[in-house]
Amino acid sequence: MLEPHGDCSPHGVSLTLMIFYILRRLLFLPLTLFGISLLLFLMIGLLGPYQRLATFINSPERLKGADVDKLVELYGLNDPLIIQYGRWLKNVLRGNLGWSYVGKEPVLSAILKRFPYTLELTLFAAIPIIFLGTSLGVLAALNHNRPLDHGLRIFAVVGWSFPDFVFGLFVLMIFYGTLGWFPPGNLSVWAEEIVKSPYFRNFTGMLTLDALLNGRLDVFLDALRHLAGPVLTLTYVEFAFLLRITRSSMLEVLRKEYVRTARAKGLDERVVIHKHAKRNALIPVATVSGQTVIGLLAGTVIVETIFNRTGLGSFIALASQQLDYASIMGGTLFFGLILVIGNLCVDLSYALIDPRVRLE
Amino acid sequence: MKRFLVILGCVFFALLSVLPAFAEVKNPDTYIYLSIGEPDTLDPHYAYDTASGEVISFVYENLIAYKGESVTEFVPRLATEVPTVDNGLIRDEGKTYVFPIRKGVKFHNGNELTPEDVEYSFERGILFDPYAGPMWMLIEALFGYETLEDFVADKVGVPWSEMVDEEGNLKSEEYRQKLIDFYNTYIDPVIEVEGDNVVFHLSRPFAPFLSILAQNSSWSAILDKETCISLGLWDGQADGWWKYHNWKKEKSPLYEKAIGTGPFKLLEWDRTQQKVVLVRNDEYWGEQPKLAKVIIWGVDEWSTRRSMLEAGDADQIYTPLQYLDQVKGIPGVVVREGSRLTITALHFNWTVAKDSKYLGSGKLDGEGIPPDFFSDVHVRKAFSYAFDYDTFIAQVLKGYGYRVPSVIPRGLLGFNESLPMYPFDLEKAKEEFQKAWNGELWEKGFKLTLLYNTGNEARQTACEMLKENIESLNPKFRIEVQGVQWPTYLDAYRQGQLPAFIIGWLADYPDPHNFIFTYYHSNGVYGTSQGEAFRKFAEENLNALIEKAIEETDPTRRQAMYEEIQKIAYENALGMPLYQPEEVYVMRSWVKGWMFNPMRPGEANYDGIWKEE
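Residues numbered from 1 in each chain as written. Chains lettered and ligands numbered in written order. Predicted model: local features only at pLDDT ≥ 70, side-chain atom pairs only at ≥ 80, totals over all residues. Heavy atoms only, no water.

Q: Would you mind going over the domain arrangement of chain B in detail, with residue names and values included?
A: Residue and element names in this part refer to chain B. According to the domain assignment, chain B consists of domain 1 (61–251), domain 2 (262–335 + 585–601) and domain 3 (342–581). The gap between the C-alpha centroids of domain 1 and domain 3 is 36 Å. Contacts between domain 1 and domain 3 engage 14 residues on the former and 14 residues on the latter. Here domain 1 and domain 3 share zero salt bridges between them. Applying the counting rule to domain 1 against domain 3 returns two residue pairs in polar contact (both at pLDDT 80 or more). Going through the elements one at a time, helix 4 (136–143) and helix 8 (209–213) are the ones with two or more residues in the side of domain 1 that touches domain 3. It is helix 4 that provides the largest number of residues to the side of domain 1 that touches domain 3, a total of three residues. (Domains from an automatic or database assignment. Contact = heavy atoms within 4.5 Å. Salt bridge = Lys/Arg side-chain N within 4 Å of Asp/Glu carboxyl O. Polar contact = N/O pair within 3.5 Å; in protein donor to acceptor, adjacent residues only side chain to side chain. Helix = DSSP H or I, 4+ residues; strand = E, 2+ residues; numbered from the N terminus.)

Structure below.
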C-alpha cells in the first residue's frame, strides 16, 4: 500500500488514510507511556521508604556502616509521592532517565547496551520458530488425522508445556555439559578480545552482524555457537503456538470452495496447495508471528539467565527484585515503546499481505 | 535408510572427536572465576562489599599487608617497614605511627608514588565519608567519632545539615571560615608528611589500627593525588572541601576507573556482562604475577557455573553449600576450605516497636507477646537452651561450621573455646520458661512471628528448628515462621518490628572490637536494633568495658577484658551465637599456589597462583 509508484487514483485515498492512521497511533504513544509511568510509579510508591531503600542496601551484608535514615533523606524516599514523581518526570523530559543501581550506569545507556543482545537473540529465534511453525503446521494439516499429524501435535504440545527454564537446563547440560558444542555466554574469551579491540567496529551492537561487517567469519561462527543453545530452547518452547494456528488455518482454507474449484480445474496438487491454499492460510499466521516475535522479547528473560546472556529481560527482572525504580520505569517505557511500534508494524504488514485490507 | 543412518552416525562421531580433550589446561595464563553479582563500586572509599574489595585489592595497594595466611603478622607493602614499638615507629604509647614510604613505585599511569599521595588518599577518604561507606573505621580510629558529620557538628557546634545543602553548597557564608578552620585544626595535622615518612597522630591508642590499614582494606588504599584531582575529586584545598563530602555512589569518577600501584591493572568492568577483566601490570615494582589475565565474571545461575567448571572454561566457581555434592565427584575439580572471620547469631529485640505486626495481640494473653517480652532474662535463656546447635551444624551446614561461645569468631584475640555455652537442653529450657514473667508465661502461653529473608535457607531452617523445639515444651507456645522478601525484612528490621533476628557479621578488620562493639555496644550497628531496654542495659553494663578494652595495648590484659565481656553476654543470654561457617572454594585441580587468608575479600590470591596440570 505504501507503493509510491502505484496507480494514483484508487490508492491515493488509502495512502492518506494510512498515513493518518499511523500518525494517530504515534500521537497516542507519549500519552500511553505517560499513563504507564504514572501507574507504575504509584505502585512502587505504595511501598514504604525503608522497603525502597533495598535498592541501595541490597543484602543483609550491606547494612553495616550504612547510615540508613540519612540515606532515606539523601534519596528523597520520604518525600510526598507527587514530588518524587515530578522529580522523575522533570528529569525524563530533559532526557535523563536516571541512574540504574542494578545496571550500574545511567538507565538509558544500560538499556541501549543490552537491547541489541536481546534483539539479536529474538531475531535468531524467530527464524526457526516461524519456519518450523508454519511448515510443520502445513504438513500437519495436509496429513489431517493421520499418524504424522498426531505425532507433530504431540511433539509440539510437549514443547509448549515445557517450562523454558527446565528445557533450557536440559539443553545446557546435553549440548554444553556432555557434548561441549554450545557454550553459555555471548562469546569465547578469544573472540571477546577481538570484539573489544580497537580494530573491531561496533556498528549495531549485534555480535553476529558486527562480526560479518568487520569481515571476521571466525567471530561470527563463535557468536552463532553461543546463540545456538538459547535459540534451540526458545524454538522448541515457542513454536507450537504457530504450528497450531497454521494447521487450523490451513485446514479451514483447504475446505474452501476455491480450493475445490482449483482442484476441479485439474491443477497440479502442488500448485493448489502452495499457491492457492497456503498463501491464504498464512494471512492470519503473519499477524500471529509478528506478535510472537514481540512476545519473544519478553520470553528471553529466563533463557538469558540460564545461558548467561545479559540482556534487557534479565535486567528488568533484576531491577524489579531490588525495587530499582529508575530502571523499572525506564525499562518499562522502553518495552512499551517497542510494543506499540511493533504492533503498528504488524498491523501495517497485515495490510501489505492482505489485499482486502489494502483497498478498504 | 540404513545408509542414511550410517552416515549420520559417522558425522556424529566426527563431531565428537573434534571436541577438546578435557585433561589439558584451558587458557593457561588466564584465570576465570565465576562469582555471583559484581562489584558495587570501585571507589575505594565507598566500596564496602567483598566483590568490590576483591578487585580493588589487586589494583590498589596499601601501606602494609598481611603475611601469608596470618591475620596478626604484617609485611611492608608501599611502606618499607611495618611500625612497631621496637623499631621506634610506634610512639607516644601507641598514639603516633610512622610509615617510611617506598621509592620508585609507579602508578599504572606512570606517575611516581610520593608521601603526599598517601596523605591525600586518607584525607580524601575521611572528608568524603559517604553514608553507606566504610570510612567510619578510620574516623573512629583516628578521632574517636563515628562519622565525619558528627565530628564536624561536635567541633563547630552546628549540625551538618544546617551548614551544607544536598548539593554540597554552603547554606550561609558564615560557615565557610568555620569549616576551613575545622579542616586546618582537626584533619590536616593528623596525617602529615615528614620527609619520606607519613605520620599518623591518633587521638587515643587504638589497638587494631594496623589491621585497618592493611592490604584488602579498600578504605586505606593509596591513590594518585594528581590523577584524582584531574578527575574532579577533592582538590586538596581547605577551602571548599565540603563540596566533596558524601557524593552519591555514581557521582565519583573512581566508580568505574581504578589507577593504583598494584600487580594488576583494571582493563575493563563490563557491566552489561557483569565481568571485570584485570591484566598483569608489567611495570609492577614487586614480584610479577604469573597470570597474564584475570576474569571475574558474575554468572548468577548455579547450573551454568557448574557446567563451565566441568568443561574447564572456568577455573574456580562460587559454590553455595547446598550444591557442594554436585561438584565433589567431577574429575579434575578440587574443594578447598577456609574459615573467614564471620559470625551468624540470633539476637533479641528487648523493646519491639508497638505497631509491629509480629507480636500478635501485643499482650501476655496467649495470643501474642508484650513488646518487652525479651527483656526478661529467663525468656532469652529458655530460647538459648532450646536450639540444637550441633545438629544444625552437622545437618544444615553439612559439618562446615563451628560453634562459638560468643560473637567473637575463632582465630581472633578474645576467643576462648572453654568459655561457657548454652547446651541444647529442653529440660532446662522448660525450667527457664516456667520462671519467666513470674510464671505467668508458662500458664498463658505466647504467640510470636520469626521472620527470615527468603532465599536464605540456613536461616529459614534455624527458625524452624527453634519453633519445633519450643512448641514441643508447651502446647500454648506458638511460633510462626514467615519468609519475606529482603525489602520487607529490611523495612521491619529498621522500624524495630522484629521480635528477634538472625544476622551475620564479616570482619572489617581482624580484631574482637569489630564484633563486640557491633553486637554488644549500645551504639553498635546491631546494638541499636535490640531495643531501648537493651541499650539501657548495655550503657550500664557493657559500654565502659568495651571502650576500655579497645584502648588496652597489652594482649594478655585485653584477652581477659574480652573474656569478661563474653561472660556478661553469656550470663544475660544477650544473643544466641549460632555458628561460624567454614567456606568452600571449588576450583580445577590445575590451579596451583592457591592460598587462603581469612581477611581476603576475594576468592583467590590472583597475584600468586598459576595453572598447571
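Q: A description of the packing of helix 5 (residues 107–142) of chain A against helix 13 (residues 312–321) of chain A should follow, citing residues and the corresponding values.
A: All names here are of chain A. Contact geometry for helix 5 and helix 13: axes closest at 8 Å, N-to-C directions at 130 degrees. Put simply, helix 5 runs oblique to helix 13. Each of A110, I111, R114, F115 and T118 in helix 5 lies in contact with helix 13, whose residues at this interface are L312, G313 and F315. Here the contact of helix 5 with helix 13 is composed, by residue class, of five nonpolar, two polar and one charged. (Axes fitted to C-alpha atoms, helices over the stretch in contact; angles between N-to-C directions. Parallel < 35°, antiparallel > 145°, perpendicular 65-115°, else oblique. Nonpolar A, V, L, I, M, F, W, Y, C, P; charged D, E, K, R; others polar.)

Q: Any details on the environment of R271 of chain B? Residues and values, ideally.
A: Residues and elements named next belong to chain B. Residue position: R271 is located in the loop between strand 8 (264–270) and strand 9 (275–280). By relative accessible area, R271 is classed as buried at 10%. When the C-alpha atoms of R271 and P39 are compared, they prove to be 9.3 Å apart, with 232 residues separating the residues in sequence. (Buried < 20%, exposed > 50% of the residue type's maximum accessible area, 1.4 Å probe, protein only.)

Q: Let's hear about the interface of chain A and chain B: which residues, and what values?
A: Each side of the interface is counted separately: chain A has 48 residues, and chain B has 58 residues. Buried surface at the junction of chain A and chain B, both sides included, amounts to about 5,000 Å², of which 58% is carbon and sulfur. Counting the contacts that link chain A with chain B gives six salt bridges. With a shortest N-O distance of 2.9 Å, K70 of chain A and E149 of chain B are connected by a salt bridge. Inspection of the chain A/chain B interface yields 14 residue pairs in polar contact (both at pLDDT 80 or more). When contributions to the side of chain A that touches chain B are tallied by element, the ones reaching two or more residues are helix 2 (49–52), helix 3 (68–74), helix 5, helix 7 (164–178), helix 8 (189–196) and helix 12 (269–306) of chain A. Sort the elements by how many residues they give to the side of chain A that touches chain B and helix 3 of chain A lands first, with six residues. Residue composition of the side of chain A that touches chain B, by class: 23 nonpolar, 12 polar and 13 charged. (Buried area = accessible area lost by both parts, 1.4 Å probe.)

Q: I'd like to hear about the packing of helix 7 of chain A against helix 10 (residues 302–310) of chain B, residue by residue, with values.
A: Taken N-terminus to C-terminus, the directions of helix 7 of chain A and helix 10 of chain B make an angle of 0 degrees; their axes are 11 Å apart at the nearest point. By the angle between their directions, the pair helix 7 of chain A and helix 10 of chain B is classed as roughly parallel. The segment helix 7 of chain A lies against helix 10 of chain B, with L169, L172 and Y176 of chain A engaging S303, T304, S307 and M308 of chain B. Partitioning the contact of helix 7 of chain A with helix 10 of chain B into residue classes produces four nonpolar, three polar and no charged.

Q: I'd like a rundown of the pattern of salt bridges, residues and numbers included.
A: Residues and elements named next belong to chain B. In total, this model carries 39 salt bridges over all chains according to the counting rule given. Here E73 makes a salt bridge to K67, at a shortest N to O gap of 4.0 Å. With a relative accessible area of 43%, E73 lands in the partly exposed category. Residue K67 is classed as partly exposed on the basis of its relative accessible area, which comes to 43%. The shortest N-O distance in the salt bridge between K435 and E432 comes to 3.9 Å. Taken as a pair, K435 and E432 lie in helix 14 (residues 426–435) at a separation of three residues, close to a single helical turn. Look at K435 and you get partly exposed, because its relative accessible area is 45%. For E432, a relative accessible area of 8% gives the class buried.

Q: Give a description of the pairing of strand 17 (residues 500–506) of chain B that names residues and reports values.
A: Residue and element names in this part refer to chain B. The element strand 17 is extensively covered by neighbouring structure, given that five of its seven residues are classed as buried. One ladder, built from seven bridges, connects strand 13 (residues 342–348) with strand 17; its direction is antiparallel. Of the residues in strand 17, the one forming a bridge with I343 is W505. (Pairing = 2+ DSSP bridges.)

Q: If you had to explain the pairing of strand 13 of chain B to someone new, which residues and values would you point to?
A: Along strand 13 of chain B, seven of the seven residues are buried, which leaves the element largely enclosed by surrounding structure. Residues T342, T344, L346 and F348 of chain B of strand 13 of chain B are buried on one face, and the alternating residues I343, A345 and H347 of chain B, pointing to the opposite face, are buried as well.

Q: Go over the packing of aromatic side chains, please, and point to the residues and values.
A: One pass over the full model with this rule turns up 66 aromatic pairs over all chains. With 5.4 Å between their ring centres and 75 degrees between their planes, W99 of chain A and Y255 of chain B make a pair best called edge-to-face. You can see W99 of chain A sitting in strand 1 (residues 99–100) and its partner Y255 of chain B sitting in the loop between helix 9 (225–231) and strand 8, one on each of two chains. In this structure W99 of chain A comes out as buried when scored by relative accessible area, which is 18%. Y255 of chain B gets classed as buried once you look at its relative accessible area, which sits at 3%. Where Y284 of chain B meets W285 of chain B, the ring centres are 5.5 Å apart and the plane angle is 45 degrees; that geometry is what we call tilted. By way of ring pairs, the aromatic residues F143, Y145, F151, W160, F182, Y186, W241 and W242 of chain B are connected into one cluster. It is R124 of chain B that lies over the ring of F128 of chain B; its NZ or CZ is 4.1 Å from the centre. Residue placement shows K275 of chain B over the ring face of W297 of chain B; its charged tip is 4.1 Å from the ring centre. (Phe/Tyr/Trp six-rings, centres within 6.5 Å; stacked < 30°, edge-to-face > 60°. Lys NZ or Arg CZ within 6 Å of the ring centre and 35° of its normal.)

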